[in-house]
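Topology and contacts: notes
Here's the letter readout for the chains.
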Amino acid sequence: MGGTEEKQPAGSGRPTSRDVARLAGVSHTAVSFVFNGRAEGNLSPATQERIRQAAAQLGYRPDPVARGLRRRRTAVIGLVTDEIASSPFAGRLLRGAMETAWDSEHLVLTIDSGGDPAKEDAAVAELLDRRVDGIIYAAMSLRRVRVPEGLHRTHSVLANCLPEDDSLPAVIPAERAGGRTAARLLLEKGHRRVAMVGGQDDLASLDRLRGFRDTLRAEGITVPKEWVVRTGGEIAGGYEGAMRVLDGAPADRRPTGVFCYNDRVAAGVLHAATRLGITVPGDLSVVGYDDQEHMAEFLTPPLTSVALPHRAMGDAAARLLLDAIETGRTPPATVRRLACPVISRASVGPAPSR
C-alpha cells in the first residue's frame, strides 16, 4: 500500500516520505496517497494540504525511480532528431515538448543523429534500453522520413515530418495553408503582380507554392512561369532569384510583391532590391516564411513572415505522446496540421499605383 521507500545513502541528508509523515503527523501510507495521485476520496483536503506543506518545508521530492517502478514507467520520453539541434528552430520545438512533458512530470532525453540513419536506429535502441515511456522523432524540415528501426516498439509520434509508410501519427505545419495566407496578405494590399522566390522540389516548397497559387487562381491571377524561381533556401539563392525577376525590368513590368520560401531567401531579396534601388515596401513588398528567431525582426525593413509553429508542434507531439502513455492506447496514424500565423512587420505595404 505504502509503496517502495526511498533508500538514501548514509549522510545524504535527503528527506524521505517517512520524514514528511512524522512532520505532518500522519501515516506513511497517507503521504504515499498524496504523491501517488490517490488522495482524493481517501484523505480530507485539510490532511492533503498538511502533507504538502510538510513536504515543502522539508524540501521533499518523491523518488522518481521508486515511483516509476510502482507505475511501470520511467517518467522520461525520448526525442530523436535528424539535425534539428543544430538548426535555428531547435529551441522552439524542444521548448514546446519539454515544457509540456514537465507539466506532466516527465523529462525529455534528446539525441541528435546528425541525419545518419544508423545513428538514428542506435539512438532509438538506446532509448528503448533505458525504458523511456515513449519517443518523439523530429525532423529539421518537412519531408517524408524512413521510420527509425525500433520506433514501433513503443508509443511514438513524429514532429515536422511524415512517415514513408504512414504507420505513425505526425504533427506538421499546414504548409499549403501558409502559402494561401501569404497570397491573401499581398492581395489585401492590392498586389496583382507577384512572384515566388526560393525553395526547391521538396515537400515544404511544393505545398507553399500550391497554396500561394490556389489563392491567386481563385482571384483570376496567374503567376508567370518566369516569376517562380526555385533557387534553394539560402540568402544567396534569394539574391539570385530576385535579380532574375527584378533586374532590367521596367517598373510596370516587374512584380510588386514577392513571396519567399523562407526568411533567409527574403534577406537575399531585400539585398537585391537595395542593390537595384527598389524600395521596400514602397516599390516592392516582401513576405518571408519561418519567422526565424534573431533574424526576421532585425532585417531592414523588419520582415513580415509566415511563422512555422515549431513550439506548437513540440507541444502537440508531446501531448499526443503523453496521452498514449497515460491511456496505454496507440494513437491512430493520422496527420495533424497546425496553422502558420502571419507575423506582420514593415516589409509589406500597399501596391504602388502604376
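None of the values given here were measured: they were computed from a predicted structure.

Our next topic: helix 9 (residues 235–246). Quick reminder: α-helices carry 3.6 residues per turn. Residues three or four places apart thus point the same way. Here helix 9 is 12 residues long and its end C-alpha atoms lie 16 Å apart, about the 16 Å a rise of 1.5 Å per residue gives. Listed as buried for helix 9 are Gly237, Gly238, Gly241, Ala242, Val245 and Leu246. Seen along its axis, helix 9 keeps its buried residues to an arc of 140°; they face one direction. Along helix 9, the residues that are exposed and aim more than 90 degrees away from the buried face are Ala236 and Arg244. In the segment just after helix 9, Gly248 is the residue with positive phi, at about 85°.

Adjacent strands of a sheet form backbone hydrogen bonds with each other and so pair up, either parallel or antiparallel. With parallel pairing, six strands are arranged side by side in an open sheet as 2-1-3-5-7-13. Single-partner strands in this sheet number two, and they are strand 2 (107–112) and strand 13 (335–338). Taking each pair of neighbouring strands and ignoring which way they run, the sheet shows an average axis angle of 20°. Helix 11 (residues 310–327) rests against strand 1 (76–81), strand 3 (134–138), strand 5 (155–159), strand 7 (170–173) and strand 13 of the sheet, and its axis sits at about 165° to strand 5.

The full count for this structure, using the stated rule, is three aromatic pairs. Consider the rings of Phe35 and Tyr60, whose centres lie 5.3 Å apart with planes at 70°: the pair is edge-to-face. Separated by 25 residues along the polypeptide, Phe35 in helix 2 (residues 28–35) and Tyr60 in the loop between helix 3 (45–58) and helix 4 (64–71) bring together distant segments of the chain. The exposure classification of Phe35 matches that of Tyr60, with both residues buried. Three or more aromatic residues joined by ring pairs make a cluster, and in this case those are Phe212, Phe259 and Tyr289. Across the ring face of Tyr289, the terminal group of Arg208 is positioned such that the distance to the ring centre comes to 3.8 Å.

Turning to the pairing of strand 11 (residues 285–290), a few remarks are in order. Regular strands place their side chains on alternate faces of the sheet. With six of its six residues buried, strand 11 lies for the most part within the structure. Relative to strand 11, strand 10 (residues 257–260) runs parallel, the two sharing three bridges. The residue of strand 11 that forms the bridge with Val258 is Val286. Taken together, strand 10, helix 10 (residues 263–276) and strand 11 constitute a β-α-β crossover, and its handedness is right-handed. Pairing geometry for strand 11 and strand 12 (residues 304–307), over four bridges, is parallel. Within the sheet, the bridge partner assigned to Asp290 lies in strand 12 and is Ala307.

Below, the discussion takes up the environment of Pro302. Positionally, Pro302 belongs in the loop between strand 11 and strand 12. Here Pro302 falls in the partly exposed class, since its relative accessible area comes to 31%. Separated by 44 residues in the primary sequence, Pro302 and Ala346 have C-alpha atoms spaced 5.4 Å apart. Leaving out residues up to four positions away in the same chain, Pro302 has contacts with Ala296, Glu297, Arg345, Ala346 and Ser347.

Turning our eyes to something else, we now look at unusual backbone geometry. In this model, Val280 is joined to Pro281 through a cis peptide bond whose omega is 10°. Here Pro281 shows up in the loop between helix 10 and strand 11. For the peptide bond that leads from Thr300 to Pro301, omega is -5°, which places it in the cis range. Take Pro301: it is sitting in the loop between strand 11 and strand 12. A positive phi angle is found at Arg131, which is not glycine, with a value near 60°.

Another aspect to go through is the pairing of strand 5. The element strand 5 is extensively covered by neighbouring structure, given that five of its five residues are classed as buried. Alternating residues of strand 5 divide into His155, Val157 and Ala159 and Ser156 and Leu158, and every residue in both groups is buried. Pairing of strand 3 with strand 5 involves five bridges; the strand directions are parallel. Pairing of Gly134 across the sheet is with His155, part of strand 5. Judged from the two bridges that link them, strand 5 and strand 7 form a sheet pairing that is parallel. Counterpart to Ala159 in the pairing with strand 7 is Val171.

About the cut-offs
- Residues numbered from 1 in each chain as written.
- Predicted model: local features only at pLDDT ≥ 70, side-chain atom pairs only at ≥ 80, totals over all residues.
- Heavy atoms only, no water.
- Helix = DSSP H or I, 4+ residues; strand = E, 2+ residues; numbered from the N terminus.
- Expected span 1.5 Å × (residues − 1).
- Buried < 20%, exposed > 50% of the residue type's maximum accessible area, 1.4 Å probe, protein only.
- Arc of directions from axis to C-beta.
- Pairing = 2+ DSSP bridges.
- Axes fitted to C-alpha atoms, helices over the stretch in contact; angles between N-to-C directions.
- Contact = heavy atoms within 4.5 Å.
- Phe/Tyr/Trp six-rings, centres within 6.5 Å; stacked < 30°, edge-to-face > 60°.
- Lys NZ or Arg CZ within 6 Å of the ring centre and 35° of its normal.
- Right-handed = clockwise from strand over helix to strand, strands pointing away.

Purely geometric stuff here, so don't read any function into it on its own.
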